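Letter by letter, the chains look like this.
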Number of protein chains: 2
Amino acid sequence: MKNNKLKLTLNIILFFAFVFGCSQTKPILSTETSNIINTFYGDALEYKESYGLLKDLTKNVGQRLSGSLGAENAVLWSKTIMENYGFDNVYLQEVMVPHWERGDLEECFFYSNSKRVDLKILGAGGTISTAKEGVTAEVVEVSSLEDVEKLGKKTISGKIVFYNKGFNPRYINQGASYGQTGFQRRLGAIKAAEYGAVASVFRSLSSIEDDVPHTGGMSYSNKFDSIPHGALGVLSSIKLSEELKKNPKTKITVKLSGKWFPDALSHNVIGEIIGSVNPKNIITVGGHLDSWDVGEGAHDDGAGCVHAIGALRLFQQQKIKPKNTLRAVMFMNEENGLRGGVEYAAVAKKLNEIHIAAIESDASAYVPRGFGFSGNEKQLNKIQGWLGYFNKNTISYFSKGGGGADIGPLHRSFGTPVFGLSVDGQKYFEMHHTQKDVFELINARELELGTASIASLIYLIDTYDL
Amino acid sequence: MKNNKLKLTLNIILFFAFVFGCSQTKPILSTETSNIINTFYGDALEYKESYGLLKDLTKNVGQRLSGSLGAENAVLWSKTIMENYGFDNVYLQEVMVPHWERGDLEECFFYSNSKRVDLKILGAGGTISTAKEGVTAEVVEVSSLEDVEKLGKKTISGKIVFYNKGFNPRYINQGASYGQTGFQRRLGAIKAAEYGAVASVFRSLSSIEDDVPHTGGMSYSNKFDSIPHGALGVLSSIKLSEELKKNPKTKITVKLSGKWFPDALSHNVIGEIIGSVNPKNIITVGGHLDSWDVGEGAHDDGAGCVHAIGALRLFQQQKIKPKNTLRAVMFMNEENGLRGGVEYAAVAKKLNEIHIAAIESDASAYVPRGFGFSGNEKQLNKIQGWLGYFNKNTISYFSKGGGGADIGPLHRSFGTPVFGLSVDGQKYFEMHHTQKDVFELINARELELGTASIASLIYLIDTYDL
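Thresholds applied
Residues numbered from 1 in each chain as written. Chains lettered and ligands numbered in written order. Predicted model: local features only at pLDDT ≥ 70, side-chain atom pairs only at ≥ 80, totals over all residues. Helix = DSSP H or I, 4+ residues; strand = E, 2+ residues; numbered from the N terminus. Rg over C-alpha atoms; globule rule 2.2 N^0.38 Å. Buried ≥ 20, exposed ≤ 12 C-beta atoms within 10 Å, placed from the backbone. Contact = placed C-beta atoms within 7 Å. Domains from an automatic or database assignment. Nonpolar A, V, L, I, M, F, W, Y, C, P; charged D, E, K, R; others polar. pLDDT = per-residue confidence, 0-100. Pairing = 2+ DSSP bridges. Axes fitted to C-alpha atoms, helices over the stretch in contact; angles between N-to-C directions. Parallel < 35°, antiparallel > 145°, perpendicular 65-115°, else oblique. Left-handed = near helix turned anticlockwise from the far one by under 90°. Core = buried A, V, L, I, M, F, W, Y, C linked by C-beta atoms within 7 Å. Expected span 1.5 Å × (residues − 1). Right-handed = clockwise from strand over helix to strand, strands pointing away.

**A word on the overall build of chain A**
Stage number 1. Regarding its fold elements, chain A presents 15 helices and 16 strands.
Stage number 2. The C-alpha atoms of chain A give 25 Å as radius of gyration, which agrees with the globular expectation for 466 residues (23 Å, within 12%).
Stage number 3. Along the first, second and third principal axes, the C-alpha set of chain A runs to 95 × 55 × 40 Å.
Stage number 4. The buried share of chain A, taken over its 466 residues, is 53%.
Stage number 5. When contacts within chain A are restricted to residue pairs at least 6 apart in sequence, those whose partners lie at least 24 apart make up 82%.

**Some thoughts on the domain arrangement of chain A**
Residue and element names in this part refer to chain A.
Stage number 1. Under the domain assignment, chain A is made up of domain 1 (27-100 + 262-464) and domain 2 (105-257).
Stage number 2. Once you take the C-alpha centre of each, domain 1 and domain 2 turn out to be 34 Å apart.
Stage number 3. Counting from both sides, the interface comprises 14 residues of domain 1 and, opposite them, 16 residues of domain 2.
Stage number 4. The leading source of residues in the side of domain 1 that touches domain 2 is helix α14 (residues 428-431), at 3 residues.
Stage number 5. Split into classes, the residues belonging to the side of domain 1 that touches domain 2 amount to 5 nonpolar, 6 polar and 3 charged.

**Some points on the confidence of the model for chain A**
Residues and elements named next belong to chain A.
Stage number 1. When the pLDDT values of chain A are averaged, the result is 95; 94% of them are 70 or greater.
Stage number 2. Scored below 50 in pLDDT, residues 1-25 shows 23 contacts in the model against residues more than four places distant or in partner chains.
Stage number 3. Predicted as a complex, the structure gets a pTM of 0.94 and an ipTM equal to 0.93.

**Considerations on the sheet that holds strand β5 (residues 135-142) of chain B**
Residue and element names in this part refer to chain B.
Stage number 1. Pairing is mixed across the open sheet formed by 8 strands, whose spatial order is β3-β2-β9-β5-β6-β7-β8-β4. This sheet does not close on itself; its edge strands, each paired only once, are β3 (115-119) and β4 (121-123). Adjacent strand axes in the sheet meet at a mean angle of 35° when their direction is disregarded.
Stage number 2. As judged from the 4 bridges shared by strand β2 (residues 107-112) and strand β9 (residues 251-255), these two strands associate in the antiparallel manner. Residue cysteine 108 lies in a different strand from β9, and its bridge partner there is valine 254.
Stage number 3. Most of the contacts of helix α5 (residues 145-156) go to β5, to which it runs at about 145°, and overall it touches β5 and β6 (160-163).

**Considerations on the pairing of strand β16 (residues 418-423) of chain A**
Along any regular strand the residues' side chains alternate between the sheet's two faces.
All names here are of chain A.
Stage number 1. With 6 of 6 residues buried, β16 lies mostly within the body of the structure.
Stage number 2. Because side chains alternate across β16, one face comprises the buried residues Val418, Gly420 and Ser422, and the other comprises Phe419, Leu421 and Val423, equally buried.
Stage number 3. For strand β13 (residues 354-360) and β16, the ladder comprises 3 bridges, and the chain directions are parallel. If you follow glutamate 360 over to β16, its bridge partner there is glycine 420.
Stage number 4. Examined bridge by bridge, strand β14 (residues 368-374) and β16 share 6 bridges and lie antiparallel to one another. Bridging from a neighbouring strand, phenylalanine 371 pairs with leucine 421 of β16.

**Focus on the packing of helix α3 (residues 49-61) of chain B against helix α4 (residues 69-84) of chain B**
Residues and elements named next belong to chain B.
Stage number 1. Running from N to C, α3 and α4 cross one another at 150°; their axes reach a closest spacing of 10 Å. Relative to α4, the element α3 lies roughly antiparallel. Between α3 and α4 the crossing geometry is right-handed. Judged by residue contacts, Leu53, Leu57 and Val61 of α3 engage Gly70, Asn73, Ala74, Trp77 and Ile81 from α4.
Stage number 2. Considering only residue class, the contact of α3 with α4 consists of 6 nonpolar, 2 polar and no charged.

**Some thoughts on the nonpolar core**
Residues and elements named next belong to chain B.
Stage number 1. Of all hydrophobic cores here, the largest spans 117 residues; its most connected members are Leu54, Ile160, Val161 and Ile458.
Stage number 2. Here this core spans two domains, since at least three of its residues come from each of domain 1 (29-100 + 262-464) and domain 2 (103-257).
Stage number 3. Each residue touching valine 161, except ones within four places of it in the same chain, is listed here: Val140, Val142, Val148, Ile156, Gly188, Ala192, Ala197 and Ser200.

**Remarks on the environment of tyrosine 91 of chain B**
Stage number 1. Looking at the element boundaries, tyrosine 91 of chain B is found in strand β1 (residues 89-101).
Stage number 2. Sequence separation of tyrosine 91 of chain B and glycine 271 of chain B is 180 residues, and the distance between their C-alpha atoms is 6.6 Å.

**Looking at the sheet that holds strand β4 (residues 121-123) of chain A**
Residue and element names in this part refer to chain A.
Stage number 1. One open sheet holds the 8 strands; their spatial order is β3-β2-β9-β5-β6-β7-β8-β4, and the pairing between them is mixed. The outermost strands of the open sheet, each flanked by one partner alone, are β3 (115-119) and β4. Going across the sheet, the axis of each strand differs from the next one's by a mean of 35°, ignoring polarity.
Stage number 2. When strand β2 (residues 107-112) meets β3, the two strands line up antiparallel, connected through 5 bridges. Its bridge partner lying in β3, tyrosine 111 is registered against arginine 116.
Stage number 3. Most of the contacts of helix α5 (residues 145-156) go to strand β5 (residues 135-142), to which it runs at about 145°, and overall it touches β5 and β6 (160-163).

**Quick notes on the packing of helix α2 (residues 31-47) of chain A against helix α10 (residues 298-317) of chain A**
All names here are of chain A.
Stage number 1. In contact at an axis separation of 10 Å, α2 and α10 are set at 110° when each is read in the N-to-C sense. Comparing their axes, α10 and α2 come out roughly perpendicular. Once α2 is placed against α10, the crossing between them reads as right-handed. Within the contact between the two elements, α2 uses Phe40, Asp43 and Ala44 and α10 uses Gly310, Leu314 and Gln317.
Stage number 2. For the contact of α2 with α10, the per-class residue count stands at 3 nonpolar, 2 polar and 1 charged.

**Points about helix α15 (residues 444-464) of chain A**
Residues and elements named next belong to chain A.
Stage number 1. For α15, with 21 residues, the first-to-last C-alpha span of 30 Å sits near the 30 Å given by 1.5 Å per residue.
Stage number 2. The element α15 is largely enclosed, with a buried count of 19 among its 21 residues.
Stage number 3. The first or second residue beyond α15 is aspartate 465, which carries a positive phi of 60°.

**Brief notes about unusual backbone geometry**
Stage number 1. With omega at 0°, the peptide bond leading from aspartate 300 of chain A into aspartate 301 of chain A counts as cis.
Stage number 2. With respect to the element layout, aspartate 301 of chain A can be found in helix α10.
Stage number 3. Of note, lysine 319 of chain B is a non-glycine position whose phi angle comes to about 55°, a positive value.
Stage number 4. Along the chain, the position of lysine 319 of chain B falls in the loop between α10 (298-317) and β12 (324-331).
Stage number 5. C-beta crowding within 10 Å serves as the criterion here: with 6 such atoms nearby, lysine 319 of chain B is assigned to the exposed category.
Stage number 6. One non-glycine residue, histidine 433 of chain B, lies in positive phi territory at about 60°.
Stage number 7. Summarising the element assignment, histidine 433 of chain B is placed in the loop between α14 (428-431) and α15 (444-464).

**Things to note about helix α2 (residues 31-47) of chain B**
All names here are of chain B.
Stage number 1. If you check α2, its first and last C-alpha atoms are 24 Å apart, about what 17 residues at 1.5 Å a residue would give, namely 24 Å.
Stage number 2. Buried within α2 we find Ile36, Ile37, Phe40, Tyr41, Asp43, Ala44 and Leu45.
Stage number 3. Those residues of α2 that are buried lie in contact with α3, α10 and α15.
Stage number 4. Backbone geometry just after α2 places lysine 48 at a positive phi near 50°.

**Considering the pairing of strand β15 (residues 397-400) of chain A**
Residues and elements named next belong to chain A.
Stage number 1. Direction of pairing for β14 relative to β15: parallel, over a ladder of 3 bridges. When the sheet's bridge partners are listed, glycine 372 is paired in β15 with serine 399.
Stage number 2. Between the parallel pair β14 and β15, the chain is carried across by helix α12 (residues 377-384), and the sense of this crossover is right-handed.

**Notes on the environment of asparagine 278 of chain A**
Residue and element names in this part refer to chain A.
Stage number 1. Inspection of the secondary structure assignment puts asparagine 278 in strand β11 (residues 278-288).
Stage number 2. By C-beta crowding, asparagine 278 is classed as partly exposed, having 14 other C-beta atoms within 10 Å.
Stage number 3. Taking the C-alpha atoms as reference, asparagine 278 lies 17 Å from threonine 416; in sequence the two are 138 residues apart.
Stage number 4. Excluding residues that lie within four positions of it along the chain, asparagine 278 makes contacts with Lys323 and Asn324.

**Concerning the environment of serine 219 of chain B**
Residues and elements named next belong to chain B.
Stage number 1. Mapped onto the secondary structure, serine 219 falls in the loop between β7 (199-203) and β8 (229-232).
Stage number 2. Residue serine 219 is classed as partly exposed on the basis of its 15 C-beta neighbours within 10 Å.
Stage number 3. The spacing of serine 219 and arginine 185 is 34 residues in sequence and 8.4 Å in space, taken between C-alpha atoms.
Stage number 4. Residue contacts for serine 219: discarding those within four places in its chain leaves Arg186, Leu187 and Ile190.

Listed below in structure tokens is the structure:
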């Protein structure tokens, strides 16, 4: 009796030790699920449909900044693609978006020993224009917003502030460098204007030393004047900094011609495969359809759009009827407003929709490495058990935190658990928001591994719940 | 007493459950080790010394097929580099290597409606030449060695065998596709000659549909004639196959001018940092110095060479004195003979050297994903506990199996545990053994992550043993 009791106790302990201590290391995998996931990968790599879609989007639609004709062409394009695939519902969701245009004139130069030296400049997305002849002033080089505050109005007033903080190459994750330098672009004009600057320029948020400037979102404040704000190429920034060391009184001329227009009507584009068991439960998978007005928005975020459409397409190709409703959403206006993501959550609230999970792909077409996840610990533990379904050279982790800008409002409104695709990002900030973000940079196999990884995650959520 | 006994038993059980069931998930990490490893990565990414070395090797030495002047220049180059770094010992190890030269004449064509159609051809590494006017014959298209056997001498004799088996795009691991199609290049000439063919050609071992042919090692057999053997571009293979469907009697002309010379004296190049505690214990880290005679051998395997030198350099930069002797070895002749790897193990045996571990980098400069390992289960379990030291976007696994061709003889002679760096291989077979394998394909950050990953692994082996 004593021995039996002991044995029983030991068995219970071993059971719990196994379940709680080790369930992450050796989960039991379903052969059927493994086969379906392997087929997702095989089909994606063989048929390369996402790659074909992305070629079409980048080469036949091209740039698609919110409010532009390109954006509206992209809306029609994605609606047509999903209709042609025979998704159950394809519809547009109206959203008013900001409308800004760059204009043609972008120049920056100074004179050194009477010789004109040109610098590569690209207006930040949303900058106002200078006068036609540009704005010319002495330059104050800084590396932080605090520098501007410390130098004060006496030094800054009437000058052009030059933010020159570079990426830290030592970080494995260059997103951290982006995070540390992003203030220059986002907040630089506000702080410079607060202290009386007549314009501001900043070193491009770039991981390499070339001279291709990077644009991106910026802000003005109602409290201060709006001043022209432009990105310099990294080599141009270095050149300017060197000149300032030699000749601190050097004046630069900046010409920009950005212009704001009234908000424009645009759309999120939604394609659905209706759930066979719980049609009211929605799993969203999305990318953003708008891009910057340089390059082709191939990585950012054409890739995310074709990941989303392509993932649903992979369900079709295997004739899998999901239990829950799957929604591919092309969000409008991630880059300079997030109006699409906000509207999507607002409509969901109004219609009392049930959102059981959302996945965003806005990290590019580079090879997938994992998923970030924002949800509770129990869910995180559960999904760790799904890792065994993935080839170790595709998805090797589910990490805590992450999701995406467009599905953020959904997460905050409903507590919807959200996933973000993580990819190998070593080259991302070489081309982010530049003319270099074109289709030719995309590797078909890497893109398709992203599509299959997302389809697999959707399948796991749909089959095993969170 | 009973309760105490039970408690003790439970504690023992829990302890074992923890140690054996879960030690892989939550190992205790050393802050000192973490700091050192983080500094390896930071230094590699900031100073980019491997990248600088690779630029020098590819641009100033260039191609370096065994027996060539380029190979001897590479030997001197790596000796000088390691001497300039001040490694404790730098020396050459003599090894006789095969010496084959491609020659200038490489052509393949057929006539279709009296119009000459050219096909892209590149001799397999080691092919004999054709007569100057080439060899012209009808073509038998096959997709396996068994096809040749089945068709028999009656069909094959006097013809040119055309092996046309393509990669399977559905595999995530394209190394598997390479494995399934490699027979065409390696054994195709032997089998074709056995059945009386006058020459053989084969579809390049490539993961993409372009027309750049891939060379690589091949064999002849003493039992049969040697016949000319060349790689066709993938598009050329498709073109030829289509022509044969229309006109099965189409004759192709193949011109190749490969030539064999007597074995040449060459060298492995070895650089050492002597161990401070156990100088006789050796940890080898190597790549192969020879390359094919097309492209610049940037990924294959200039990257492996600068990974090895760069890893030791990272120890120098942190002023870390390893306990055991670290050896960076540039192996000669991996591509068409493996004489360097064989000689290295033979010398080790002769000198009674103690080899505690060896690491090979011959998978390219693409971003690292893990290490393959060939050793015992206990060692494999132990190294799994080291995963926590690596950023999840660098080394995310230690997998069973793997090592490298050059350290294979060491493993087989001594049972030395061996590691092979695994990288993201999606693009590898687009450029492998082609004119496209040049420095411009190398991303500095990805290469440097490989260097730091290897330095980190060496440090862990050196500090914690296997």
